[in-house]
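Here is how the chains run, residue by residue.
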Amino acid sequence: MKQSDTKDLTLLGNQNTEYLYDYNPEVLETFENQHQENDYFVKFNIPEFTSLCPMTGQPDFASVYISYIPDVRMVESKSLKLYMFSFRNHGAYHEDCVNIIMKDLIELMDPRYIEVWAKFTPRGGISIDPYCNYGKPGTVFEEMAKNRLMQHDMYPENIDNR
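So, here's what we can say about the structure.

Criteria and cut-off values
- Residues numbered from 1 in each chain as written.
- Predicted model: local features only at pLDDT ≥ 70, side-chain atom pairs only at ≥ 80, totals over all residues.
- Heavy atoms only, no water.
- Buried < 20%, exposed > 50% of the residue type's maximum accessible area, 1.4 Å probe, protein only.
- Helix = DSSP H or I, 4+ residues; strand = E, 2+ residues; numbered from the N terminus.
- Contact = heavy atoms within 4.5 Å.
- Polar contact = N/O pair within 3.5 Å; in protein donor to acceptor, adjacent residues only side chain to side chain.
- Expected span 1.5 Å × (residues − 1).
- Core = buried A, V, L, I, M, F, W, Y, C linked by side-chain atoms within 4.5 Å.
- Phe/Tyr/Trp six-rings, centres within 6.5 Å; stacked < 30°, edge-to-face > 60°.
- Pairing = 2+ DSSP bridges.
- Axes fitted to C-alpha atoms, helices over the stretch in contact; angles between N-to-C directions.
- Left-handed = near helix turned anticlockwise from the far one by under 90°.
- Nonpolar A, V, L, I, M, F, W, Y, C, P; charged D, E, K, R; others polar.

### Some points on helix H2 (residues 77-85)
Part 1: Taken as a whole, H2 has its buried residues at Lys78, Ser79, Leu80, Leu82, Tyr83 and Met84.
Part 2: Along its buried surface, H2 packs onto strand E2 (42-52), strand E3 (59-69), strand E4 (73-75) and helix H3 (94-109).
Part 3: Its side-chain oxygen 3.0 Å from the backbone nitrogen of Lys78, Glu76 forms the N-cap of H2.

### Details of helix H4 (residues 140-151)
Part 1: Relative to the 16 Å expected for 12 residues at 1.5 Å per residue, H4 spans 17 Å between its end C-alpha atoms, a close match to the ideal helical length.
Part 2: Those residues of H4 that are buried are in contact with E3, strand E5 (113-120) and strand E6 (131-135).
Part 3: One or two steps after H4, the chain reaches Asp153, where phi turns positive at roughly 60°.

### Points about the nonpolar core
Taken as a class, soluble globular proteins show a tendency for nonpolar side chains to be buried jointly.
Part 1: Counting 33 residues, the largest nonpolar core has Phe49 and Ile66 as the members making the most contacts within it.
Part 2: Secondary structure elements with two or more residues in this core: E2, E3, E4, H2, H3, E5 and E6.
Part 3: When residues in this core are grouped by element, the largest group, 8 residues, is from H3.
Part 4: Ile66 has contacts with Val42, Lys43, Phe44, Ile46, Leu80, Met84, Ile101, Leu105, Ile114, Glu115 and Val116, leaving out every residue within four places of it along the chain.
Part 5: Judged by nonpolar contacts, the second largest core, of 6 residues, contains Ile69, Tyr131, Met144 and Ala145.

### A word on the packing of aromatic side chains
Part 1: Going through the model one piece at a time under the given rule, you end up with 8 aromatic pairs.
Part 2: Here the aromatic rings of Phe44 and Tyr68 are separated by 6.3 Å at their centres, their planes lie at 15°, and the arrangement is stacked. Residue Phe44 is found in strand E2, and its partner Tyr68 is found in strand E3; the two are separated by 24 residues along the sequence. Across this residue pair, the class does not change: Phe44 and Tyr68 are buried.
Part 3: Through successive ring pairs, a cluster of aromatic residues spans Tyr23, Phe49, Tyr83, Phe87 and Phe120.

### Here we look at the side chain of Lys136
Part 1: Mapped onto the elements of the fold, Lys136 is located in the loop between E6 and H4.
Part 2: On the basis of relative accessibility, which here comes to 16%, the residue Lys136 falls in the buried class.
Part 3: In contact with Lys136, not counting residues within four places along its chain, are Asp71, Asp110, Pro111, Arg112, Phe141 and Glu142.

### What to know about the pairing of E2
Part 1: For E2 and E3, the ladder comprises 9 bridges, and the chain directions are antiparallel. The residue of E3 that forms the bridge with Ser51 is Asp60.
Part 2: Here E2 hands over to E3 after 6 residues, with Gly57 in that stretch at a positive phi of 80°.

### Quick look at unusual backbone geometry
Part 1: A positive phi is found at Asp110, a non-glycine position, where the angle reads about 55°.
Part 2: Within the secondary structure layout, Asp110 lies in the loop between H3 and E5.
Part 3: Relative accessible area serves as the criterion here: at 38%, Asp110 is assigned to the partly exposed category.

### What about the packing of H2 against H3?
Part 1: Two elements in contact, H2 and H3, have axes separated by 12 Å at closest approach and are oriented at 145°. By crossing handedness, the relation of H2 to H3 is classed as right-handed. Residues Leu80, Tyr83 and Met84 of H2 pack against Ile100, Ile101, Asp104 and Leu105 of H3.
Part 2: Considering only residue class, the contact of H2 with H3 consists of 6 nonpolar, no polar and 1 charged.

Read these as spatial facts, not as claims about activity.
Laid out in structure tokens, this is it:
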């Protein structure tokens, strides 16, 4: 990464990080994709995501998976960590969480393609695994998004850990 690409990053390497307990997309930061000529996936695994049920205030726990094909901008991982942490006291339904995350990242980066999948632990004997995706309109990634959505979870894994 060129030094000029890091000049606007305020969180990376900052030893005085402030952890926000309320939803805050403004904490997200980006840097320039150094390989814009390539199509490639970046995947984040977030195994300790928490939010609150908007009705009961009880905590919800999930593993969240974010995969995207960057265009010009990429999300900086420490800012993503702080952003995900900001859901800690945020009341939102499971389906709402994944869509909010996806839309915030689209607004931030304008990726070629992105998908967000969460696997929430059961409450009341039911686990919920919401999935959403997006492909940049007018590109092959728009069709890719449609195909991946239609094929999503066609062969679900055995669930034995929750």
